[in-house]
Amino acid sequence: MSVVLEANNISIMFGGLKAVSNFSIKLEAGELVGLIGPNGAGKTTVFNMLTGIYNPSCGKIFISSSNGGMIDITSYKPHKITQSGIARTFQNIRLFKDLTVLDNVRIAFHSSVRYSAFDGIIRSSKYVEEEEKILVQSRNILSIFNLSNKQNELAKNLPYGEQRKLEIVRALATNPKLLLLDEPAAGMNPQETHELMNLIAYIRKEFNLTILLIEHDMSLVMGICERIIVLDYGQIIAEGTPSQISSNPKVIKAYLGGGDE
Amino acid sequence: MRKNILTNFVYNLSIAVLIFVILALLIFSGIIDEYNGNLLVLSGIYLIVALSLNLITGFTGQLSLGQAGFMSIGAYSSAILMLNFKFPLILAVIFGGLITGFVGLIIGFPTLRLKGDYLAITTLGFGEIIRVAMINLSKLTGGAAGLKNIPKFPSSGDYILDVIINLTYIYVFAIIILAIVSNLLKSSPGRAIISVREDEIASSSMGVDIFYYKMFSFVLSAIIAGIGGGLYASYMGYINPDLFGFLNSVNYLVIVVLGGLGSLTGTVFSSVIFVYLQEWLRIFGDFRLVIFGLILIISMLFWPSGLMGTSEYSPSGFVKKLIKGQFTIESILSKAKQLLKKIISNKSRNIFKHNGGEGR
């Protein structure tokens, strides 16, 4: 098994607050790992560090490169990190609201486009070729997610569940090896959550993905994750298989509280 | 797709030529008199600068209040190139644009790291710096008195014909710039630019280098504003620093907001409306500005996202429908109804929203 992502002891301070301290993670290719923890534990902050939105105060992050080695992406800007193979969705949906569904997906193909702005202005044959390719690819990926008939609607007019779906579509269109999902089931009913579980399992196989996911819905996390990492007050308090985690006293204490007897 | 691009190009070009021929005939036959003809030329210049502002503010979402500053750099460099270095007019205008683009590059590098209000204030300050610099670099720019005898567009000696000649120059420049911006926005770099406006964090996590595209758009915007300035200098034949003050920058912002932030078609309409409105209101004397302000307030209350919002109108689409015979009286009426409904129900869209941190 090859390692896709490795983070060593990453920490970040906001003023005097240590939001995340000494977080380490190693993701093997094809793994589906859950990251859970009470509100404010620092889960989204971990995602923000992995995707370059925050730079960790200390520690290093590595991602596997195409030639087999590991590259240090600790100080990369977000777009460089996306280009090196990490895609993500957002907890509070961040679609391009006033653009069509199709355009939302087409933007995600941005880094694979090989023509310049000048080609675009004069409409060179390179432009035509690549645009046709992007259009076909975008339509393909939209049809996998049953969004084909919505491609010309504005993203903001989609129902909530489909907006979440579109975020995943957009992330997949950047051609990642690692997908970070930030609370994909937030605001969904049990049936929708169940559909989402199937969808995640499907895309993981179909797109050869490694997935790290933050989720509060325990039925989802316990149902599909092979390994779970529990975060509390910015620190890892437990790590293991779903059954190990659900019986871990530290985890139960973090979630349910309990006296310091 | 290849064939489609070609037909669209032919249709758009023929519509552009047709409109020009109609305007020229109207001027030639005296239906549009010399005064109104000149206003048409002026609205063309306003259009070019307003397009540049719409590119950076409407499409990239970066509020710039220094557009008149860029315009003045273009105007002065083009005038100096013609006066001191004997450049031919068109070359001088284009070089003036490129010089402005270079200045844009230098100014954009530190300022585009700022967001929202902060960027607006720095660009405002930059516009003032340029104006003051133009006053004080009197050896080169003639100081507060400005530059005189700037070579004008070729003249035939006949007033009416001259209006048409001026219009030709401005019209060709405006159409080319419109085509460049419109084509750019429909390409992948253009979509990246628009995504920066929509949501910077999401955009960067789609692999878009947001700083690069802000710079790209800012520099292109500076080049276009510079070209507009160069044309303005040659049209007027005389420039001074006060022609490019803060109020001027605000005028362009008014045009862009009135037409719709993020709509090129809207900018085209509103530039013409703006120039004519400003002149026609002169019958009210000193109350002109009050009435003008009132019109702005009312239009913003009822159409907060401008005449066109972010929608565009495509001439080639029009021609295609015309050829297919899809234009009956009913279809035009229903289309007009739709348009009217859309204009009336235009909802507010706050484009200057701040992009907060993730997880807020």
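Located above this text is the structure these notes cover.
Let me sum up the structure you'll find in this document. (Residues numbered from 1 in each chain as written. Chains lettered and ligands numbered in written order. Predicted model: local features only at pLDDT ≥ 70, side-chain atom pairs only at ≥ 80, totals over all residues.)

Another aspect to go through is the interface of chain A and chain B. Contact with chain A, which involves 33 residues of that partner, is made by 28 residues of chain B. Only α1 (43-50), α2 (78-83), α3 (101-108), α4 (117-122) and α5 (125-144) of chain A provide two or more residues apiece to the side of chain A that touches chain B. Grouping the constituent residues of the side of chain A that touches chain B by class yields 12 nonpolar, 11 polar and 10 charged. (Contact = placed C-beta atoms within 7 Å. Helix = DSSP H or I, 4+ residues; strand = E, 2+ residues; numbered from the N terminus. Nonpolar A, V, L, I, M, F, W, Y, C, P; charged D, E, K, R; others polar.)

Moving on, we get to α5(A). Residue and element names in this part refer to chain A. Between its first and last C-alpha atoms α5 spans 29 Å; for 20 residues at 1.5 Å apiece the expected length is 28 Å, and the two agree. Of the residues making up α5, those classed as buried are Tyr 127, Glu 130, Glu 131, Ile 134, Ser 138, Ile 141 and Leu 142. On an axial view of α5, the arc spanned by its buried residues comes to 100°, and they lie on one face. Seen from the open side of α5, the exposed residues pointing more than 90 degrees away from its buried face are Ser 125, Glu 132, Val 136, Asn 140 and Ser 143. Each element contacted by the buried residues of α5 is listed here: α3, α4 and α6 (160-173). Positive phi appears at Asn 146, one or two residues downstream of α5, with a value of about 55°. (Expected span 1.5 Å × (residues − 1). Buried ≥ 20, exposed ≤ 12 C-beta atoms within 10 Å, placed from the backbone. Arc of directions from axis to C-beta.)

Before going further, it helps to spend a moment on the environment of Leu220(B). Residues and elements named next belong to chain B. In this fold, Leu 220 is placed in helix α10 (residues 210-236). With 23 C-beta atoms packed within 10 Å, Leu 220 lands in the buried category. When the C-alpha atoms of Leu 220 and Asn 183 are compared, they prove to be 14 Å apart, with 37 residues separating the residues in sequence.

Let us look at the pairing of strand β3 (residues 32-36) of chain A. All names here are of chain A. Of all 5 residues making up β3, 4 are buried, and the element is well covered by its neighbours. The pairing of β3 with strand β8 (residues 210-214) spans 4 bridges and is classified as parallel. Bridging across to β8, Leu 32 finds its partner in Ile 211. Where β3 meets strand β9 (residues 227-232), 4 bridges bridge the pair, whose relative direction is parallel. When the sheet's bridge partners are listed, Val 33 is paired in β9 with Arg 227. (Pairing = 2+ DSSP bridges.)

Here the focus is the sheet that holds β8(A). All names here are of chain A. Strand order in the open sheet made by the 6 strands is β6-β7-β8-β3-β9-β10, with mixed pairing throughout. Edge positions in the open sheet fall to β6 (86-88) and β10 (235-240), since each of these has one partner strand only. If you compare each strand with its neighbour and ignore which way they point, the axes differ by 20° on average. Judged from the 3 bridges that link them, β6 and strand β7 (residues 178-182) form a sheet pairing that is parallel. Bridging across to β7, Arg 88 finds its partner in Leu 180. Sitting on the sheet, α1 is in contact with β3, β6, β7, β8 and β9, with an inclination near 150° to β7. Sheet strands touched by helix α10 (residues 249-256): β9 and β10. Its angle to β10, the strand with the most contacts, is close to 130°. (Axes fitted to C-alpha atoms, helices over the stretch in contact; angles between N-to-C directions.)

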